[in-house]
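Remarks on the overall topology
What follows is each chain in one-letter form.
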Amino acid sequence: MNLRNIMQEELKTLFQRKSPVGLLLVAIPLLYSLIFGFAYSRNVIKYVPAVIYDQDQTAISRSLAQAYIDSERYQIVAQVTTQEEMEELLRENKALVAIAIPPKFAQNIKLGMASEILLVTNATNNMFANSVISSSQEIIQTFSAASSQKLLEGLNQMPAPALHAAAPVKMGVRIINNPTTSYTNFMLAGLMANGLQIAILLVAGTLIAKEYRRLSRWEGTSATAIVLGKLLPCWAFSIMAFLICLGVVTVCFGVPFRANLFSIIGLGSAFTFLVINLSFFFSAITRDEVSALQVPLLYIMPGLLFSGLSWPQLAMNQFSQTVSSLMPLTYMADTLRDLLLAGYSPVLLKNLLIMLASGSGLYLLTTFTFSQRRRKIQNQTSKEVPA
Amino acid sequence: MNVWQICKREIWHMFITDRRRAIFLFGASLAYLILFSLLYGTHTIKSVPVIVYDEDQTQFSRSLIQSFDDSERFQIVGYATTQDDMEQALREKEAYAAVHIPQKFSQDAKSGRSSTVLVIADGANILITSTVTTAAQEIIADFSQKTGTLLTETNLEQLSPAAQHRVSPVDFHLRVLNNPTQSYLSFFVLGLAMAAFQQGVFLAVGASIQSEYHRPEELKNARPWAVITGKLLPYWLAATLAFFLTISVAIQFFAIPGQASLTSLFLLSATFIFAAVGFGSLIAALCNNELNFTRISIAYTVPAFVLSGYTWPQEAMDIIGQTLSYTFPLSYFSSTVRELMLAGYSPYLYRNSLILLLMGVAFIAVAILYYPRRLKQLQTREM
């Protein structure tokens, strides 16, 4: 068979009417994009359930409580009068944060003795705790500065200098690329790429393994041609799936698209090339089709979490960095996000080269393994025949 | 064959003829536990590379820079001399944050006009962003307070403690419950191990059910309920064992807190495994071959984990996400396991155990109904 015949044959099996496996290539990443897009549609964590335990009950303490009520980060579920009630609500997870204002809060402030409030938060889920700590810092610092201004005015200062003396250094924050720290912008494109990689593993993973059972079909066809003939259709459909899903991610879920199209297509092509060749390699070395799918199982969640998409490379130790460098998604996820959000990635070219080079290396390994195993199986059968 | 004989035959298969199944059951969760414990071994994000652009160049501005330098959250990787340098460093990812101190910073702050330090953070990875903003807020607030105190001391002739109290009259104490250092290891790893655990259970049970489709004659005379019960019981027992093995490794070797009582863990894990075994057998009974079963169960892993509410909370999902989340057994399990392990108590323990139990009963009932039909279908096709 020549290359063209092989490709036609492959397309036929990928999209045969009885079980059109090839559709998975588009369906899985599309499904992932939609599910996760909907799940993250609120983007930031708001309305953390909070309880206020105000032992002071003065105008000042109530104005602090009001600041929490006004913040969209919190939803006050109860104002309690005893410590037990507060702890009960925390224990039952009805509130994830408690703001306890001590007795004589206002009095101590006015006497210039300063006062402390207690903030209790449940950090079982870090996402809540992060949101609580940073927003509380803001609320309390603002409140403290306002109170301080009043106190200094009491020492014969004019309001403006008093405020400046209370807060002589301010912090301005500018968050670039993802100003609202949206979770969708942060995760969705990477999760889509992971969906694509899983789809490729599931579809391409069986393609080589199944040929060991029917080697007679391939008499006279070189291993290079067989693998290439299987690679090209898969690759074309994977790139198409990548572009469709990217369209969904940017159009339906509002992830910015600031890069030029060519760099995105280049990145997507290199990534799918690498993943297909990796699946082929697994497929060439395993016992049967089911194992060909199960071997990369260990790799699915690690592939995502070691990629630097969420837990950054800079926080990894040596071991994790080594593992990370073996995961295709490492060269894809962060770069794709940078391209989409910032329009530029400093490592684009490097990652492209790494993915293309290791993809080609795996391609050679696959053809080598396939032809070796083919020879071995053929030798065995030819020995069995005369017996 | 009766239930007991099927059980014995199944155990033989699990550990001798098809050892793959035992490896899935015991290996998956342990492998994930070890792998991710190593990944999150640093617990929190530290040493974020930061670039400093100091236009003021006074002792005052340098003391602010010193505070950033002293913080373990930041690592100063360079000093820019122009705005372009600073932006270039951010663009090239040499730094993930920048601190820009304006001209006349010291003069403005000290002469009572107040001054603003600009902190620029890259928002692409929000884990880094939140580390940067929280730590910078703390450092600058502290610096501002010290400066304010000094100003009040000199300008208003106040004594030091009185001045400090007037400048920062309200402070807050933070008590972080259950995971005080906000360690990622305690937060994340258990859930990942549990996601893999569910996967291991699925693949083992799936292989077991699917293998009967290939050799229907062996269990020809057994009733469907006896086949399913006899097959699932050994997996339920083995998986419970695997669960406790994983938990003890987590506590012993990776110092994940283990506040939970044995009974509460047992109740939750037993019901979850029951539901997972049931779910696995149902999907396996529905699939026409092991290849498709494996495909489905692998594609299911990531959504089940992401939608379980383990990281992104269910409260913040929209209605579609929430509905999907409530149909997955993992949603009733992984967060509750974490609560039990970190806090020693979960208000949802009994509710979730009950839901899991009911789910398990429903799944297994449907599997028992469906299994003989599928078997017959496949037999007629072969004939």
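What counts, and where the lines are drawn
Residues numbered from 1 in each chain as written. Chains lettered and ligands numbered in written order. Predicted model: local features only at pLDDT ≥ 70, side-chain atom pairs only at ≥ 80, totals over all residues. Heavy atoms only, no water. 1 Å grid on protein atoms, 1.4 Å probe; cavity = no way out; pocket = protein on both sides within 12 Å on 5 of 7 lines; lining within 4 Å. Points joined across faces, edges and corners; volume = space filled by probe spheres on them. Nonpolar A, V, L, I, M, F, W, Y, C, P; charged D, E, K, R; others polar. Contact = heavy atoms within 4.5 Å. Buried area = accessible area lost by both parts, 1.4 Å probe. Salt bridge = Lys/Arg side-chain N within 4 Å of Asp/Glu carboxyl O. Helix = DSSP H or I, 4+ residues; strand = E, 2+ residues; numbered from the N terminus. Pairing = 2+ DSSP bridges. Phe/Tyr/Trp six-rings, centres within 6.5 Å; stacked < 30°, edge-to-face > 60°. Lys NZ or Arg CZ within 6 Å of the ring centre and 35° of its normal. Buried < 20%, exposed > 50% of the residue type's maximum accessible area, 1.4 Å probe, protein only. Polar contact = N/O pair within 3.5 Å; in protein donor to acceptor, adjacent residues only side chain to side chain. Axes fitted to C-alpha atoms, helices over the stretch in contact; angles between N-to-C directions. Parallel < 35°, antiparallel > 145°, perpendicular 65-115°, else oblique. Left-handed = near helix turned anticlockwise from the far one by under 90°.

Concerning the layout of surface pockets
Within this model, the second largest pocket holds a volume of roughly 650 Å³. A class-by-class count of the residues in the lining of the second largest pocket yields 7 nonpolar, 8 polar and 8 charged.

Some thoughts on the interface of chain B and chain A
By a widespread convention, an interface's size corresponds to the accessible area lost as its parts come together. In this complex, chain B contributes 112 residues to the contact, which on the side of chain A involves 105 residues. In this assembly, chain B packs against chain A so that about 10100 Å² is buried in total across both faces, 65% of it on carbon and sulfur atoms. In this structure, the connection of chain B to chain A is made through 1 salt bridge. For Lys93 of chain B, the salt bridge is made with Asp338 of chain A, and the minimal N-O distance between the two is 2.6 Å. A per-element tally of the side of chain B that touches chain A places helix H6 (residues 126-156) of chain B first, with 19 residues. Of the residues belonging to the side of chain B that touches chain A, the class tally is 62 nonpolar, 32 polar and 18 charged. Here strand S5 (residues 169-176) of chain A pairs with strand S4 (residues 115-122) of chain B via 8 bridges, running parallel. Across the sheet, the residue bridging to Lys170 of chain A is Thr116 of chain B, located in S4 of chain B.

Digging into the packing of aromatic side chains
Scanning the entire structure with this criterion turns up 39 aromatic pairs over all chains. For the ring pair Phe15 of chain A and Phe237 of chain A, a centre distance of 4.8 Å and an interplane angle of 50° mean the geometry is tilted. Highlighted residues: Phe15 of chain A in the loop between helix H1 (3-14) and helix H2 (24-39) and Phe237 of chain A in helix H9 (residues 223-253), separated in sequence by 222 residues. Considering the side-chain rings of Phe202 of chain B and Tyr300 of chain B, the 5.6 Å spacing of their centres and the 25° angle between planes classify their relative orientation as stacked. On the criterion of sequence distance, the pair formed by Phe202 of chain B in helix H8 (residues 184-214) and Tyr300 of chain B in helix H11 (residues 290-306) is long-range, its members being 98 residues apart. An aromatic cluster of three or more residues is present, and its members are Trp311 of chain A together with Tyr40, Tyr184, Phe187, Phe188, Phe305 and Tyr310 of chain B. Its end group placed over the ring of Tyr345 of chain B, Arg91 of chain A keeps NZ or CZ at 3.9 Å from the ring centre. In this structure, Arg338 of chain B is placed above the aromatic ring of Tyr310 of chain B, and the distance from its NZ or CZ to the ring centre is 3.9 Å.

Some thoughts on the pattern of salt bridges
Evaluation of the coordinates by the stated rule reveals 20 salt bridges over all chains. Lys230 of chain A is the partner of Glu10 of chain A in a salt bridge, and the nearest nitrogen-oxygen pair spans 2.8 Å. Within this pair, whereas Glu10 of chain A is found in helix H1, its partner Lys230 of chain A is found in helix H9, the two being separated by 220 residues in sequence. Lys230 of chain A matches Glu10 of chain A in its accessibility class, with the two residues each being buried. A salt bridge links Glu10 of chain B to Arg21 of chain B, with the shortest nitrogen-to-oxygen separation between them at 3.1 Å. Taken together, the residues span a long stretch of sequence, with Glu10 of chain B in helix H1 (residues 3-17) and Arg21 of chain B in helix H2 (residues 19-39) at a distance of 11 residues. In terms of burial, Glu10 of chain B and Arg21 of chain B fall into one category: buried.

A look at the side chain of Thr250 of chain A
All names here are of chain A. Note that Thr250 resides in helix H9. The exposure class of Thr250 is buried, given its relative accessible area of 16%. Side-chain polar atoms of Thr250 contact the backbone oxygen of Gly247, separated by 3.2 Å. In contact with Thr250, not counting residues within four places along its chain, are Val255, Pro256, Phe257 and Leu340.

Topic: the environment of Ser136 of chain A
All names here are of chain A. Within the element layout of this structure, Ser136 appears in helix H6 (residues 126-153). Taking the C-alpha atoms as reference, Ser136 lies 30 Å from Phe253; in sequence the two are 117 residues apart. Polar contacts involving the side chain of Ser136 include one to the side chain of Tyr74, which spans 3.0 Å.

Observations regarding the packing of H8 of chain B against helix H9 (residues 224-254) of chain B
Residues and elements named next belong to chain B. It is the contact of H8 with H9, at a shortest axis distance of 11 Å, that shows an interaxial angle of 155°. In terms of axis orientation, H8 runs roughly antiparallel to H9. Viewed along their axes, H8 and H9 form a crossing whose handedness is right-handed. Here Leu185, Leu190, Ala193, Met194, Phe197, Val201, Ala204, Val205, Ser208, Ile209 and Glu212 of H8 lie close against H9, whose contacting residues are Ile228, Lys231, Leu232, Tyr235, Ala239, Ala242, Phe243, Thr246, Ile247, Ala250 and Phe254. A per-class count over the contact of H8 with H9 returns 18 nonpolar, 2 polar and 2 charged.

Looking at empty space enclosed by the protein
The final tally for this structure, using the stated rule, is 2 cavities of 30 Å³ or more. A volume near 210 Å³ is recorded for the largest cavity. Contributing to the lining of the largest cavity are 19 residues, with Tyr183, Met187 and Ser310 of chain A together with Phe188 and Thr311 of chain B lying nearest its centre. Looking at the lining of the largest cavity, the elements that each hand over two or more residues are helix H8 (183-204) and helix H12 (300-305) of chain A together with H8 and H11 of chain B. By residue number, the principal contributor to the lining of the largest cavity is H8 of chain A, which donates 4 residues. Residues of the lining of the largest cavity, tallied by class, amount to 17 nonpolar, 2 polar and no charged. Residue lining of the second largest cavity: Leu201, Leu202, Leu293, Pro296, Leu297 and Ile300 of chain A together with Ile298 of chain B, and that is the complete set. Taken together, the residues that form the lining of the second largest cavity break down as 7 nonpolar, no polar and no charged.

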